[in-house]
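Survey of secondary and tertiary structure
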Amino acid sequence: MKHVFYSILITLLLFCPKSASAIIEITGVTPAHSASMSSPPDCSGSIDLTATGNAGPFTFQWSNGATTEDINGLCKGTYYVTVTNNFGCTKVLSATVQD
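What this report covers is the structure whose coordinates are included nearby. (Residues numbered from 1 in each chain as written. Predicted model: local features only at pLDDT ≥ 70, side-chain atom pairs only at ≥ 80, totals over all residues. Heavy atoms only, no water.)

Here we look at the overall build of the chain
Selection rule: Helical segments are the DSSP runs of H or I of at least four residues, strand segments are the runs of E of at least two, and each set is numbered from the N terminus. Each residue is assigned to one of three classes by its accessible area relative to the maximum for its type, calculated with a 1.4 Å probe on protein chains only: buried under 20%, partly exposed between the two thresholds, exposed over 50%. Two residues qualify as a contact provided that any one of their heavy atoms is within 4.5 Å of a heavy atom in the partner residue. Residue exposure ignores everything except the shown protein chains as possible cover, and the areas themselves are Shrake-Rupley values with a 1.4 Å probe.
The helix and strand tally for the chain stands at zero helices and seven strands. Across the chain, helices and strands are ordered from the amino to the carboxyl terminus as β-β-β-β-β-β-β. Counting over 99 residues, the chain shows a buried share of 30%. Across the chain, the fraction of contacts at a sequence separation of at least 24, relative to all contacts at a separation of at least 6, is 44%. Accessible area of the chain: about 5700 Å², with a carbon and sulfur share of 56%.

Focus: the sheet that holds strand β4 (residues 59–62)
Applicable threshold: Note on pairing: DSSP must find at least two bridges between two strands before they are called paired. A fitted line through C-alpha atoms serves as each axis, taken over the contacting stretch for helices, and the angle formed by two N-to-C directions is quoted from 0 to 180°.
Spatial ordering of the open sheet is given by β4-β6-β7, a layout of three strands whose pairing is antiparallel. Every interior strand has two partners, whereas the edge strands, β4 and β7 (90–97), have only one. Averaged over neighbouring strand pairs, the angle between their axes works out to 25° when direction is ignored.

In structure tokens, the structure reads:
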């Protein structure tokens, strides 16, 4: 099974309050693989998220219920994450895991 790594970069700045800033990036999405149409889906996709800046620590709430920065074991689909900084400011990002 061939693994392909797709890199997407989504950068958002959190300004809340003005003295705090952060860069939130989805730095990579690994696709889920399916051997054939008749086999069950191979939910081996992953999303790599990076949060940096002086507004941390950050909390993460993914649409699949995960609360970690990065998620894996993903089937094909779109996943959303709400990132909250230590000031309570939030940003929502999304990434799509392909076959």
